[in-house]
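Below, each chain spelled out in residue letters.
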Amino acid sequence: MAKADFAVPVLKQYPEIPAIEPGVMAHSAPFKSKEEFQAPLGFPGQLVDDWQQKALDKMGDLLGRYRGLRVYLDSCVKCGSCTDKCHYYLGTHDPKNMPVGRQDLMRKVYRRYFTLAGKFFPKLVGAEDFTEEVLSDWYSYFHQCSQCRRCSVFCPYGIDTAEISMAAREIMDHIGVGQKYCNEIIAKVYRIGNNLGLPGPALADTLEGLEEDVFDDTGVEVKYPLDQEGVDILFVTPSADFFAEPHVDGLIGYGKVMHEAGVSWTFSSYASEAANFGMFIGSYDNMRRVALRIREAAIKLGVKRIVFGECGHAWRVAYSFLNTLAGPWDFLDPRYPVPQHICEFTYDLMQQGKLNFDKSLNDDMVLTYHDSCNVARASRMGDRPGGQFDIPRAIIRATCNNFYDMDEDTIRDRTFCCGGGGGLLTDDLMEIRVKGAQPRVEALNNVIQEKGVTHMAAICAICKSQFTKVLPYYGMDMDQIVSVHQLVSNALILTGQTSDEDAEETADEAA
Ligand code: SF4
Ligand code: SF4
């Protein structure tokens, strides 16, 4: 059990709506970004002198550009439907972590400066001046929202708190109050090509090592190419896949699937990152700059298709925005979706009978599946509604004998966030991450108790990293979270694959 210097929530069988504890999470705020991380993104290095006016100018700019933002701020009727739907409220009990409470932090400033009633009768309409105290609340509570959009599913007006959080972070960045974790990472992408700062030679080394490992295991020469020009597919994946478990086990699976598909493919050292943290800070300009690297790599390498690996918010950016951010993609092969998710790719091959699975190779696990928020509520897969729920499950069922879903109120479009999304996956926010994970871990614990589940699969790098870190706080093992393509990798029998003993002999001979 991991030790915490805060109270870890107690897991319950049935969700309980907690009594409010005002201000209990006011102390939680991420480290602020320094000038060296602000400047590459085009933001001031510290709080500017005329911050209030600059913030209001930026808010006016966003209200003019994004019609939805104004509609969200105008249309809440305080019905209360969203109040118990946010995992951060359920885990912390702080009313400012109720979605409507979070929205009101911006709504009161909006009303004060952008509505007639708020200008003349502020007290009557809940309008407030944009003071330093309000700014401090913004920094704290807009960094206790993982932009998961669960609240919007239950709001009768479809108010999307994630959009409000993104706008708030964009405004704060423009006055020099940025978050270190996100902004440092984006600067790293500009400098090196990926979130982790892995240089090209390190990537090449890792991929070469994987080729050797897979050959040792299977006796088959599966390639993991880097920067190969003239191939069919550019594969873009979160950089966590290149080095950490359970991510890298999924990456091994991608390569095996590509091998069985008989396609030519490559990673790019220039666009070695699928993640796009520009979305988390609400910055269209930075989101576009990150996305354009993929376009540049695709053109330089002369590929015909783009496939994305397992990453939740990357798939949201790719599926929902890639065309407007970095299109047109008219130089790619029009017979394939732009872009395509690795789950769609694998599922298509399954439909064509091209993948030979031995499910019993995953019999040491009893699986459940965590729908990642950005895939579940902000994108789709395949050519039918709900494909983003059904396709990953179809892959798990094809590769595993033992699979049970968690409670239906906690999966598919009602899924609970892992607690670490939206740019919160940093150690300085460990308390909110652990507390925010409570509803998901409760549902997991229930299927562990009732069905004997041993592992939870996911298709998001952030979810996998978050669970690896927070499960031990709840007395579970960090390796209970696995990649969906790790299951594929385990069960897939490659053409020409030798038995374990034969593979070892072949490897010995080759050595
Ligand atoms: S978007 Fe998610 S984290 Fe943010 S308020 Fe809504 S439910 Fe909570
Ligand atoms: S559910 Fe929607 S309308 Fe109701 S309080 Fe929440 S944000 Fe407002």
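Only a predicted model underlies this, so the values are computations on that prediction, with no experimental measurement involved.

> Can you help me understand the overall build of the chain in this one?
The helix and strand inventory of the chain stands at 22 helices and seven strands. The C-alpha atoms of the chain give a radius of gyration of 23 Å, which matches the 24 Å a tight globule of 511 residues would have. Taken along its principal axes, the extent of the C-alpha atoms in the chain is 80 × 50 × 40 Å. Considering the chain as a whole, with its 511 residues, one finds that 50% of them fall into the buried category.

> What is the right way to look at the site of ligand 1 in this model?
Close contacts around ligand 1 come from 16 residues, with C86, P99, C145, C148 and C151 the closest. Broken down by element, the residue count for the shell around ligand 1 peaks at three residues, all from helix α9 (residues 161–174). Looking at the shell around ligand 1, its residues break down into eight nonpolar, four polar and four charged.

> Before we go on, may I ask you to explain the nonpolar core in this structure?
The nonpolar side chains of a soluble globular protein tend to be buried, and buried together. Of all hydrophobic cores here, the largest spans 142 residues; its most connected members are F308 and A457. When residues of this core are assigned to their parent elements, the largest contribution, nine residues, is made by helix α14 (residues 312–326). Three or more residues apiece are contributed to this core by two domains, here domain 1 (35–184) and domain 2 (193–404 + 453–491). When sequence neighbours within four positions are dropped, the list of residues in contact with A457 reads L367, Y369, I396, V482, S483, V484 and L487.

> Is there a simple way to explain the packing of helix α17 (residues 387–399) against helix α21 (residues 484–491) in this structure?
A pair of packed helices can be characterised by two numbers: the angle between their axes and the separation between those axes. It is the contact of α17 with α21, at a shortest axis distance of 9 Å, that shows an interaxial angle of 30 degrees. The angle between α17 and α21 places the two elements in the roughly parallel class. The two elements α17 and α21 meet at a crossing, and its hand is left-handed. On α21, the residues that touch P392, I395, I396 and T399 of α17 are V484, L487, V488 and A491.

> I would appreciate a short explanation of helix α19 (residues 438–451) in the present structure.
An α-helical turn contains 3.6 residues, so any two residues separated by three or four positions project in the same direction. Between the first and last C-alpha of α19 there are 19 Å, a value that for 14 residues agrees with the 20 Å anticipated at 1.5 Å per step. Among the residues of α19, Q438, P439, R440, V441, E442, A443, L444 and I448 are the ones counted as buried. On the buried face of α19, the contacting elements are α4 (87–92), β5 (367–369), α18 (430–436) and β6 (455–458). Downstream of α19 by a residue or two, G452 has a phi angle that is positive, lying close to 75 degrees.

> Which parts of the structure should I look at to understand the environment of G158?
Tracing the backbone shows G158 in the loop between α8 (150–154) and α9. Along the backbone, G158 and E133 are 25 residues apart, and their C-alpha atoms lie at a distance of 29 Å.

> Please clarify how the sheet that holds strand β4 (residues 340–341) should be interpreted in this entry.
Adjacent strands of a sheet form backbone hydrogen bonds with each other and so pair up, either parallel or antiparallel. With respect to topology, four strands assemble into an open sheet ordered β2-β1-β3-β4, the strand pairing being parallel. Each edge of the open sheet is held by one strand with a lone partner, namely β2 (265–266) and β4. Pairing between strand β1 (residues 233–236) and strand β3 (residues 305–308): four bridges, direction parallel. Looking across to β3, one finds that V236 is bridged to F308.

> Would you mind showing me how to read the domain arrangement of the chain here?
Interface extent is often summarised as the accessible area lost during association of the parts. Considered domain by domain, the chain is made up of domain 1 (35–184) and domain 2 (193–404 + 453–491). On the side of domain 2, 10 residues touch domain 1, which itself brings 14 residues to the contact. The set of elements that each furnish at least two residues to the side of domain 1 that touches domain 2 consists of α8, α9 and α10 (180–192). Sort the elements by how many residues they give to the side of domain 1 that touches domain 2 and α9 lands first, with five residues. Split by residue class, the side of domain 1 that touches domain 2 holds six nonpolar, three polar and five charged.

> For this particular structure, what's the right way to read the sheet that holds β6?
Strand order in this open sheet of three strands is β5-β6-β7, and the pairing throughout is parallel. With one partner strand each, in any of the chains shown, β5 and β7 (481–483) form the two edges of the open sheet. Across this sheet, the average inter-strand angle for adjacent strands is 40 degrees, counted without regard to direction. With three bridges connecting them, β5 and β6 associate as parallel partners. Among the inter-strand pairings, T368 is bridged to a residue of β6, identified as M456.

> Help me understand unusual backbone geometry, please; the structure alone is not making it clear to me.
Most peptide bonds take the trans form, and the phi angle of most residues other than glycine is negative. Cis geometry is adopted by the peptide bond preceding P246, which originates at E245 and carries an omega value of 5 degrees. Inspection of the secondary structure puts P246 in the loop between β1 and α12 (247–261). In this chain, V338 is followed by P339 through a cis amide linkage whose omega measures -10 degrees. Note that P339 resides in the loop between α14 and β4. The backbone of Q147 shows a phi angle near 55 degrees, a positive value even though the residue is not glycine. Relative to the helices and strands, Q147 resides in the loop between α7 (132–141) and α8. The buried category is assigned to Q147, around which 26 C-beta atoms lie within 10 Å. Although it is not a glycine, R412 sits at a positive phi angle of roughly 50 degrees. Turning to its location among the elements, R412 is positioned in the loop between α17 and α18.

Cut-off values and rules
- Residues numbered from 1 in each chain as written.
- Chains lettered and ligands numbered in written order.
- Predicted model: local features only at pLDDT ≥ 70, side-chain atom pairs only at ≥ 80, totals over all residues.
- Helix = DSSP H or I, 4+ residues; strand = E, 2+ residues; numbered from the N terminus.
- Rg over C-alpha atoms; globule rule 2.2 N^0.38 Å.
- Buried ≥ 20, exposed ≤ 12 C-beta atoms within 10 Å, placed from the backbone.
- Near = placed C-beta within 6 Å.
- Nonpolar A, V, L, I, M, F, W, Y, C, P; charged D, E, K, R; others polar.
- Core = buried A, V, L, I, M, F, W, Y, C linked by C-beta atoms within 7 Å.
- Domains from an automatic or database assignment.
- Contact = placed C-beta atoms within 7 Å.
- Axes fitted to C-alpha atoms, helices over the stretch in contact; angles between N-to-C directions.
- Parallel < 35°, antiparallel > 145°, perpendicular 65-115°, else oblique.
- Left-handed = near helix turned anticlockwise from the far one by under 90°.
- Expected span 1.5 Å × (residues − 1).
- Pairing = 2+ DSSP bridges.

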